[in-house]
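# Inside the fold
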Amino acid sequence: MSGPVGIVILIHTAFDRAEQVIRHWVAGGCPVVVHVDAKVRPQTYDRFVHGLSDLTGSVLFCKRHRCEWGTWGIVAASQAGAEMMLERFPGVQHVYLASGSCLPLRPVRELVDYLAERPGVDFIESATTADVPWVAGGLAEERFVLRFPFSWKRQRFLFDRWVEIQRRFGLHREIPEGLTPHMGSQWWCLTRETMTRILKDPARARYDAYFRLVWIPDESYFQTLARLYARNIESRSLTLSKFDFQGKPHIFYDDHLQPLRRSDCFVARKIWPHADRLYEAFLDPSEQAMKGAEPNPGKIDRIFAKAVERRTRGRPGLYMQSRLPNEGWENGFTSAPYSVFEGFSDLFEDFEPWLARTTGARVHGHLFATHGVEFEGRQDSFAGALSASAAIRDYNSRRFLTSLIWMTRGERQCFQFGPFDQQIITWDLAKDPNAQISVISGAWAVPLFLSGGDFAELRTEAARLQKIESEHLKALRSPYAKARIRIWTMAEFIESPLEALQTVIEEFPGSTPRRVTETPRMVDLTGFGQFLQNLKNEGMHPYLMGDFHAGGAPRRDEPPRRKRYLVR
Amino acid sequence: MGVWQSYRLRLERKRWRIRAFRKRRNLVRVANRTDRIREDDILVFSTFRNEAMRLPYFLKYYRDMGVGHFLMVDNDSDDGGAAFLADQPDVSLWSTTASYKRARFGVDWLNWLQLKYGHNHWTLVVDPDELFVYPFCDTRPLRALTDWLEASSIKSFSAMLLDMYPKGGINDVAYRPGQDPLEIANWFDAGNYSIYRNPKYGNLWIQGGPRMRVFFADEPWRAPALNKIPLVKWNRDYAYHSSTHTLLPRGLNLVYDEWGGEKASGVLLHTKFLSTFAAKAQEELDRKQHYAAGREYRAYAEGVTQNPDLWCKWSEKYINWRQLEILGLMSKGNWA
């Protein structure tokens, strides 16, 4: 006497594994009907049949069809298997469709008990096309209204052209009356009653003729017809089967043993045929029962969801041998926020140590200095073994910056920048939403003023630097700029440096907003106004630093003052 | 890419294949056991010179991984390595005294052997000092990877070269035959790599690591290329263009994603910097058989005598593939 659950297995490869699994089902009291793909060579088929000849009473082989992915053959095979099952095993109440690479994860009797407790329930994932997000490659609605006589795998060109032609000329066909297309996992478990009504339907010939030209009918034939006849549908599959972003099933390996065990699912697909440990563990007859728990694939879902995410979105700010996004597709130019300070270290003597003390961040000097990279502490290498060589940095300055930010994830990086530096990175900084850029424009004049060198040379140098910074500011103020940018003229800044510093520091991450209690030491600006005036007298007009009196202090009374410039 | 360029690349590919065919005459058969290759064997192709020290571990490493057969070209060794290989049941060996340089650094020889024996096999082209690491390599054999690639219709798999080095002078610890070189050279540079795209062939151009940091700090553009595509489901129409950096047809070079995602990739742990290195650099320098007249080796020879320590404070100590994955040197892609 056969048990109440019958298994229909579709096989095309890995026959030794299939045999193992069939024996396992039979040992658990389930009759099995096997469908072997018609493409399989006769010798292989005969050997396989012969190998199972000791189980004649409980294993039957049904009429063979050619099964190709996305075509009708798989449905025909399932029908043939199910028909034979209903006819030859009258005790069967549920028909479970499985493949040769399916592996039962729980003892067979648990599945039998589970189904016995739910008589008349059909387990088949079945959703209307409008409501399924998982359809890969378009063709959601269209698979039901266009005709697909060509193989997607072997005749891709014809397949694509024929779809185009039908679209162009509106060659839509009628969906048979009474059917509402539904889709879902092709691994289902249906009751004898539902199965019988589907197979014995007087309109079956018409439905079959229609579904023959639907694309991937194994995902929609039973899913649609079950909606006509089933009394009680549980729209979920008892087979754990995960799909990647292209609609291919994920494969399970030995190292999935633990998550598979914890999933409490009855059957999983697809198992790699050489995953010896999985077959050993789950086909072990002494396998312990799992206390009748409900299937809970959540944990294993996450592993695969993460894989799909990694494949489609990647890790932002990472550039490597298998991820080199085109411009605009980086999904984040850098991996984490960082701060750029321009002019601050010119104006304050001890800005770097002060900033490090106040914020706890990693504070570098001028990373893009022409003479070499000024890493924190002026070390000759830094995180990721980045070299301080200017030549190496300039050879690929984008990768230099993105590597630095990537390698220091979890620690905020700050660095100084100015018109003395290599400017090639300007636009990348301006466009990067992770960059927080604070500029005291014109502060580059301070080191010139303090150097006290030959005035004619200073004048030339000042003109050059002003031109460079002006270009840089243009980028920061352009509509393409996506960084968090603040620009003060030097005159504005020194009017209320504490307030300005506070604004910048507040944006640093941290649980409590920091109060700036101690300010860095500003250089002595006595005579700076006169220095600027001298430049003007020489015909070089320094305008980026704002208005300074020849006396040295900024003009405090001049109305109206320009507002602080904030660009977002 | 226009029709014209596409046609030119096609001609170029034909040229490399014809060249490989001509260069087959360089190869003298020492032990041909290719009749033992089974239909679904994964094959290793390798050319070497005086690597007797490394060969035992090399074979063990790849046998454990599940490689079925080794096809090796001995370029004029005189250290007994060839005799050792000729006795191995899963090795087919050829030898040559011809110029390595004129065989385009061995590419022609291996292209020929791959054309003849690699068709429809997964082929792995590695040097004896390169250890292939791929996602899940500690729990899944190489066949799991190739089966997955096959199911995903992926024909080529990227594994960038990661230079490994010891802490301290590279001559300090002597390497013994059969020893895992990673016991000595177990440090690497985690994040100082430059990547550019090569518009002509579509491959990447990766440079960096300790060699650029130490030997090419003033001329980084001359640093050796680190991008490699060593694992390919071979077809007799394919050809390696320059070492395993570039393949033709160029579609095989698209091992990286351009739309933000990550494709699966591995790493070749390059254990060149062992105690065996200094002698080798000197020898290669004398032979002048290497890329760009041994510029690389000259830089090494000079560097090695001055300061043989490649280690720096920011070097990373090697643990396993998961570490490399987290650091972003390789990726699982959508293999889970």
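On a predicted model such as this, the values are computed, not experimentally measured, just so you know.

## A few points about the overall build of chain B
The helix and strand tally for chain B stands at nine helices and 16 strands. At 19 Å, chain B has a C-alpha radius of gyration in line with the 20 Å of a compact globule built from 336 residues. Expressed as lengths along the three principal axes of its C-alpha atoms, the size of chain B is roughly 50 × 50 × 40 Å. The buried share among the 336 residues of chain B stands at 53%. A separation of at least 24 residues holds for 73% of the contacts in chain B among residues at least 6 apart in sequence.

## Focus: the interface of chain A and chain B
Facing the 48 residues of chain A at the interface are 53 residues of chain B. At the level of elements, helix H12 (298–312), strand E15 (381–382), strand E16 (386–387), helix H15 (390–395) and helix H16 (397–407) of chain A are the ones that each hand at least two residues to the side of chain A that touches chain B. Ranked by residues supplied to the side of chain A that touches chain B, first place goes to H12 of chain A with seven residues. Residues belonging to the side of chain A that touches chain B are distributed by class as follows: 23 nonpolar, 14 polar and 11 charged.

## Quick notes on the sheet that holds strand E15 (residues 266–270) of chain B
Residues and elements named next belong to chain B. The strand order E6-E15-E8 describes an open sheet built from three strands, whose pairing is mixed. Two strands in the sheet have a free side with no partner beyond their single neighbour: strand E6 (130–133) and strand E8 (159–163). For this sheet the average axis-to-axis angle between neighbouring strands, irrespective of direction, equals 25°. The pairing of E8 with E15 spans five bridges and is parallel. Bridge assignment links Asp163 to a residue of E15, and that residue is His270.

## Some points on the sheet that holds strand E5 (residues 103–104) of chain A
Residues and elements named next belong to chain A. Strand order in the open sheet formed by three strands is E5-E12-E11, and the pairing between neighbours is mixed. Sheet topology places E5 and strand E11 (239–241) at the edges, where each strand pairs with a single neighbour. Here two bridges tie E5 to strand E12 (residues 267–269), and the two strands are oriented antiparallel to one another. When the sheet's bridge partners are listed, Leu103 is paired in E12 with Ala268.

## Description of the domain arrangement of chain A
Entries for chain A in the domain assignment read domain 1 (5–138 + 177–312) and domain 2 (338–567). On a C-alpha basis, the centroid separation for the pair domain 1 of chain A and domain 2 of chain A is 65 Å.

## Some details on the packing of helix H3 (residues 73–88) of chain A against helix H7 (residues 192–199) of chain A
Residue and element names in this part refer to chain A. It is the contact of H3 with H7, at a shortest axis distance of 11 Å, that shows an interaxial angle of 120°. Here H3 lies oblique to H7, going by the angle between them. The chirality of how H3 crosses H7 is left-handed. Mapping the contact onto sequence places Gln79, Ala82, Glu83 and Leu86 in H3 and Arg192, Met195, Thr196 and Leu199 in H7. Looking at the contact of H3 with H7, its residues break down into four nonpolar, two polar and two charged.

## Focus: the pairing of strand E11 (residues 204–208) of chain B
Residue and element names in this part refer to chain B. With four of five residues buried, E11 is to be regarded as a mostly interior element. Relative to E11, strand E10 (residues 193–197) is paired through five bridges, and the arrangement is antiparallel. In the strand pairing of E11, Ser194 is matched with Gln207. The turn linking E10 back onto E11 is made up of six residues, and Gly202 within it adopts a positive phi angle of 80°.

## Focus: the confidence of the model for chain A
Taken as a whole, chain A shows an average pLDDT of 88; of its residues, 93% reach a score of 70 or greater. Between residues 554–562 of chain A, whose pLDDT stays under 50, and residues either more than four places distant or in other chains, the model counts nine contacts.

## Section: the environment of Val214 of chain B
Residues and elements named next belong to chain B. Relative to the assigned elements, Val214 resides in helix H6 (residues 209–215). The class of Val214 is buried, set by 23 C-beta atoms lying within 10 Å. Separated by 212 residues in the primary sequence, Val214 and Gly2 have C-alpha atoms spaced 41 Å apart.

## Here's the deal with the packing of helix H1 (residues 3–23) of chain B against helix H4 (residues 107–118) of chain B
Residue and element names in this part refer to chain B. Closest axis-to-axis distance for the H1/H4 pair is 8 Å, and the angle between their directions is 95°. Relative to H4, the element H1 is oriented roughly perpendicular. Facing H1, whose interface residues are Trp16, Arg17, Arg19, Ala20, Phe21 and Lys23, H4 presents Asp108, Trp109, Asn111, Trp112 and Leu115. A per-class count over the contact of H1 with H4 returns six nonpolar, one polar and four charged.

What counts and what doesn't
- Throughout this document, residue positions are counted from 1 along each chain, in the order its sequence is written.
- Here chains are named by letter from A upward and ligands by number from 1 upward, in the order in which they appear as written.
- Local features in this predicted model are restricted to residues whose pLDDT is 70 or higher, and side-chain atom pairs enter the listing and the counts only when it is 80 or higher, whereas totals over whole chains, interfaces and linings include all residues.
- Secondary structure counts use DSSP, requiring at least four H or I residues in a row for a helix and at least two E residues in a row for a strand, with both numbered from the N terminus.
- Throughout, radius of gyration means the C-alpha value; the globule benchmark is 2.2 Å times the number of residues raised to the power 0.38.
- Exposed residues have 12 or fewer other C-beta atoms within 10 Å of their own C-beta, buried residues have 20 or more, and residues in between are partly exposed; the C-beta atoms are placed from the backbone.
- Whether two residues are in contact is decided by their C-beta atoms, placed from the backbone, lying within 7 Å.
- Classification convention: Asp, Glu, Lys, Arg as charged; Ala, Val, Leu, Ile, Met, Phe, Trp, Tyr, Cys, Pro as nonpolar; all other residues, Gly among them, as polar.
- Strands pair, by our definition, only if DSSP identifies at least two bridges between them.
- The axes are straight lines fitted to the C-alpha atoms, using for helices just the contacting stretch, and the angles between their N-to-C directions are given from 0 to 180°.
- An automatic or database domain assignment provides the domain bounds reported here.
- We call two directions roughly parallel when the angle between them is under 35 degrees, roughly antiparallel when it is over 145, roughly perpendicular when it lies between 65 and 115, and oblique otherwise.
- Crossings are classed by handedness, with left-handed meaning an anticlockwise turn of the near helix from the far one by less than a right angle and right-handed meaning a clockwise turn.
- For every residue, the pLDDT score states the predictor's confidence, bounded by 0 at the bottom and 100 at the top.

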